[in-house]
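# A closer look at the structure
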Amino acid sequence: MTPPRVVDLVKPEVRGLVAYRAEEPRSGLVKLDANESPFSLPERIRDELLRVMEEVSVNRYPDPTAGRLRSVLAAEHGVVPGQLVLGNGSDELIQLLLLAVGEVGATVLAPVPTFSMYALIARGQGLRFEGVRLGPRFEPDVPVIIEAIERTHPRVVFLATPNNPTGGVFSEAEILKILAAAPGLVVVDEAYGPYAGRTMLPHLVDQERLIILRTLSKIGLAGLRIGYVVTHSSLVAELEKVRLPFNVNAFSQAAAVVLLFHREWIDANVSEVIRERARMAKRLTAIPGVEVYPSQANFILFRTPHPGNEVFEGLFAEGVLVRNLGSVPDLLNCLRVTVGTEEENERFLAALTKVMQQYEGCEVRGGMKKAEVR
Ligand SMILES: Cc1ncc(COP(=O)(O)O)c(C=O)c1O
């Protein structure tokens, strides 16, 4: 008998997936595709950081409990360190949560379109992913979500609020209704929470199945890869059993501690992005034919009246990289732009205006203008 090819040894659930694709860093581009913060470290903070980095013992494993960082984060949120699990980005914690609670065949439910890693990780682990469509303007449709929960009994519900890539939020009352209906865990992913000025943290006290997921990636520290779960210590104890011991490296632990002591810098940048978001949304709305979806995150989703692939390529040719979402169900001709610095946003708006002008005078076919860009 001929031995199987190596790929045939890979689980069918994994072979059926398409890998998450992120753009490689390229210089010279205005990079507005990954919902990062556009602000690099000011010199005074960078110098302080470098001094601390010199002290890191690279020959030793990092603190397996990330004790100092855990304490700093716990104090920030008014919880005890035993309520936190730290991850190599919140991506890793999505994987960890599903590893801990997702028996094969169990259902993971999330309103869609949403962050693609929920479905990717669930399916890779042999779980069933149930996507429940958001409303026509991507607003939450709670009765539909509750109907789906009652039908599928999900082990885990993910609610990203603000949601990526649509930018909308679930109100506190909506989340509580979903919690009341859900038989399993409800993970409220607050990756973009700081840009909406809201959190479900106060509800941890009386909601046993609530898990808050947070990250430092969207508030200026994406390179460190630090995410964390805040929940009840009893669940933390279980999650710790499947967490790999040294998942947060020594440099990231030390750097995050230093940088979180500069909260004023982080908060000022968040405020600046919120201001820019409002300005950008207004300018985008003024471009004829562009449909802008309301956002409380650090990005804006918009739909163009022209083929999204062409608009994406047109922006790229002008040196601006955004996220092309046209292949995602319900997001035909949709692009997502991260809010950058004022200068970057101006470059984006100028590029988009130029690309859109190239269609002027083209005939309109079936409600959509002709495909070629001049
Ligand atoms: C809703 C949401 N959750 C989680 C993440 C993962 O963030 P990270 O792994 O960088 O912490 C992202 C990243 O884009 C996101 O959009």
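Scroll up for the structure.
Calculation criteria
Residues numbered from 1 in each chain as written. Predicted model: local features only at pLDDT ≥ 70, side-chain atom pairs only at ≥ 80, totals over all residues. Heavy atoms only, no water. Pairing = 2+ DSSP bridges. Helix = DSSP H or I, 4+ residues; strand = E, 2+ residues; numbered from the N terminus. Axes fitted to C-alpha atoms, helices over the stretch in contact; angles between N-to-C directions. Buried < 20%, exposed > 50% of the residue type's maximum accessible area, 1.4 Å probe, protein only. Contact = heavy atoms within 4.5 Å. Near = heavy atom within 4 Å. Polar contact = N/O pair within 3.5 Å; in protein donor to acceptor, adjacent residues only side chain to side chain. Areas by Shrake-Rupley, 256 points an atom, 1.4 Å probe, with all protein chains shown as cover. Salt bridge = Lys/Arg side-chain N within 4 Å of Asp/Glu carboxyl O.

### With respect to the sheet that holds strand β2 (residues 84–88)
Overall, mixed pairing links the seven strands, which are arranged β2-β8-β7-β6-β5-β3-β4 in an open sheet. Whereas interior strands pair on both sides, the edge strands pair on one side only; in this sheet they are β2 and β4 (128–133). Each strand of the sheet is rotated relative to its neighbour by a mean of 20 degrees, with strand direction disregarded. One ladder, built from four bridges, connects strand β6 (residues 185–189) with strand β7 (residues 210–215); its direction is parallel.

### Some details on helix α5 (residues 117–124)
Here α5 lies mainly inside the structure; six of its eight residues are buried. What α5 keeps buried is the set Met117, Tyr118, Ala119, Ile121, Ala122 and Gly124. Looking at the buried positions of α5, the neighbouring elements they touch are α1 (12–15), α4 (90–101), β3 (107–112), β4, β5 (156–160) and β6. Positive backbone phi, at 75 degrees, marks Gly126, one or two positions downstream of α5.

### Description of the site of the ligand
Every one of the 13 residues lining the ligand counts as a neighbour, but Ser90, Asp189, Thr215, Ser217 and Arg225 are closest to it. Here an oxygen atom of the ligand sits 2.6 Å away from a polar atom, N or O, in the side chain of Arg225. Relative to its unbound accessible surface of 400 Å², the ligand loses 93% to contact with the protein.

### Notes on the pattern of salt bridges
A side chain of one charge can pair with a side chain of the opposite charge if their charged atoms are brought near each other. For the structure on display, the rule yields 22 salt bridges. Among the salt bridges present, the one from Asp8 reaches Arg5, with a minimum N-O distance of 3.1 Å. The shortest N-O distance in the salt bridge between Glu272 and Arg275 comes to 2.9 Å. Of this pair, Glu272 and Arg275 are both found in helix α11 (residues 263–285), three residues apart, which corresponds to roughly one turn of the helix. Here Glu272 falls in the partly exposed class, since its relative accessible area comes to 23%. Residue Arg275 is classed as exposed on the basis of its relative accessible area of 54%. A single salt-bridge network, built from bridges that share partners, covers Arg128, Glu130, Glu147 and Arg151.

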